[in-house]
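So the chains spell out like this:
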Amino acid sequence: MIFLLLSRLSAKVPSVVYRAALIMKPQVVFVLGGPGAGKGTQCARIVENYSYTHLSAGDLLRAERSREGSEFGQLIDSYIKEGKIVPVEITINLLRKAMEDTMQIDEKKFRFLIDGFPRNEDNLQGWTTVMDGKADVKFVLFFDCSNEVCINRCLERGKSSGRTDDNRASLEKRIQTYLQSTRPIISLYEKQGKVRTVDASCGVDEVFADVKTILDKEG
Ligand code: ADP
Ligand code: C5P
Ligand code: MG
């Protein structure tokens with residue numbers, strides 16, 4: 001009798017899990033840090049080891065810039081070169097669509113690393129307007145390192161990245177944008193106890209060891 005009950009129960013488990021996944025709200029980790037802090041590098045490592053989908057706001061904007069027929073291509077291009085933050089109406093729609101597409105293809109993919117967002121007040125407001133109640137922000141993963149390290153890494157990346165903003169002139173502006181607009185957002189989340197800080201100045205493996213400690217603790 002007990003065996004019968006147990007076997008019936010276990011037969012039901014997959015469909016219960018499946019249905020739970022279907023109704024899961026997206027679980028979001030915002031990934032922030034200066035330009036070149038290693039956000040993309042670490043997100044790639046996280047994806048290899050944990051069930052997260054990586055969405056980089058910068059990558060989405062660059063893809064939209066190159067999309068044939070995009071009405072925003074030129075605007076995005078000039079904002080990126082100037083190290084300015086693109087109006088959130090554009091970015092939030094790209095992010096929302098990418099999240100929806102991911103979950104439509106595989107409803108079990110509801111954990112997202114949103115890299116390089118929210119970068120200023122406008123980004124944060126856009127997120128609140130469009131996504132509040134539709135996704136849970138678990139915490140902010142903050143890759144902390146000096147401006148000097150950030151600049152050197154981007155200049156090194158610039159030798160092969162083909163990016164229009166990995167040059168000294170753009171980088172000076174990007175650092176200013178980071179200090180003036182993004183740091184206050186990180187501070188805002190810090191006051192809510194939502195920031196998990198990693199020292200991003202050491203090697204990739206060492207940084208990832210700290211990331212793992214955080215993710216294993218957060219569950
Ligand atoms: P972000 O996405 O924050 O702009 P990336 O992950 O693209 O930064 O890294 C910027 C550059 O620095 C890349 O060329 C990358 O290979 C390199 N890099 C990333 N993390 C480290 C690290 N911990 N130590 C040295 N170089 C790194
Ligand atoms: O994160 P990443 O370095 O790829 O961002 C490159 C550029 O993309 C930023 O300097 C900015 O011009 C633009 N961007 C933006 N809004 C975001 C993320 C990136 O305007 N939330
Ligand atoms: Mg990046």
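Residues numbered from 1 in each chain as written. Chains lettered and ligands numbered in written order. Predicted model: local features only at pLDDT ≥ 70, side-chain atom pairs only at ≥ 80, totals over all residues. Heavy atoms only, no water.

A. View of the nonpolar core. If you look at the biggest cluster of nonpolar residues, it comprises 27 residues, and the most contacted ones within it are V28, F30, M99, I114, F117 and W127. Within the residue set of this core, elements represented by two or more residues are strand 1 (27-33), helix 5 (88-105), strand 3 (111-115), helix 6 (121-131), strand 4 (136-144) and helix 8 (168-191). In terms of residues, this core owes the most to one element, helix 5, which gives six residues. When neighbours within four sequence positions are excluded, F30 is seen to be in contact with I114, F117, P118, W127, V137, F139, V140, L141 and Y189. Counting 24 residues, the second-largest nonpolar core is a separate cluster that includes I151, C154, I175 and F208. (Core = buried A, V, L, I, M, F, W, Y, C linked by side-chain atoms within 4.5 Å. Buried < 20%, exposed > 50% of the residue type's maximum accessible area, 1.4 Å probe, protein only. Helix = DSSP H or I, 4+ residues; strand = E, 2+ residues; numbered from the N terminus. Contact = heavy atoms within 4.5 Å.)

B. Expanded view of the site of ligand 2. The local shell around ligand 2 holds 16 residues, among which R62, K84, V86, G116 and R119 are the closest. One of the side-chain nitrogen or oxygen atoms of R174 is found 3.4 Å away from an oxygen atom of ligand 2. Within the complex, the protein chains bury 96% of what would otherwise be the 460 Å² of accessible surface of ligand 2. Elements supplying a minimum of two residues to the shell around ligand 2: helix 3 (57-66) and helix 4 (73-82). Of the residues contributing to the shell around ligand 2, the split by class is seven nonpolar, three polar and six charged. (Near = heavy atom within 4 Å. Polar contact = N/O pair within 3.5 Å; in protein donor to acceptor, adjacent residues only side chain to side chain. Areas by Shrake-Rupley, 256 points an atom, 1.4 Å probe, with all protein chains shown as cover. Nonpolar A, V, L, I, M, F, W, Y, C, P; charged D, E, K, R; others polar.)

C. Region of interest: the packing of aromatic side chains. Applying the stated criterion to the full structure yields four aromatic pairs. One aromatic cluster is present, built from ring pairs that chain together F30, F117, W127 and Y189. The ring of Y79 has K84 sitting right over it, with the charged end atom 4.6 Å from the ring centre. (Phe/Tyr/Trp six-rings, centres within 6.5 Å; stacked < 30°, edge-to-face > 60°. Lys NZ or Arg CZ within 6 Å of the ring centre and 35° of its normal.)

D. Fine view of the site of ligand 1. Around ligand 1 there are 13 residues in total, and G36, K39, T41, R157 and C202 lie nearest to it. Taking R153, its side chain carries an N or O atom lying 3.3 Å from a nitrogen atom of ligand 1. In this structure, a nitrogen atom belonging to ligand 1 sits 3.3 Å away from a main-chain N or O atom of V204. A total of three residues in the shell around ligand 1 trace back to one element, the largest contributor, which is helix 2 (residues 39-49). A class-by-class count of the residues in the shell around ligand 1 yields four nonpolar, six polar and three charged.

E. How the structure looks around the UniProt feature "binding site: ATP" (unreviewed entry) in the chain. Here the UniProt-annotated "binding site: ATP" (unreviewed entry) positions come out as G36, A37, G38, K39, G40, T41, R157 and C202. Inspection of the secondary structure puts T41 in helix 2. Overall, the relative accessible area of 42% leaves T41 in the partly exposed class. When you line up the elements, R157 lands in helix 7 (residues 147-161). When sequence neighbours within four positions are dropped, the list of residues in contact with R157 reads R163, D166 and R174. (UniProt positions renumbered as here; feature names shortened; annotations may be inferred.)

F. View of the environment of N167. Turning to its location among the elements, N167 is positioned in the loop between helix 7 and helix 8. Each C-alpha atom, one on N167 and one on I151, is 8.9 Å from the other, the two residues being 16 residues apart in sequence. Of note is the side chain of N167, whose polar atom sits 2.8 Å from the backbone oxygen of T164.

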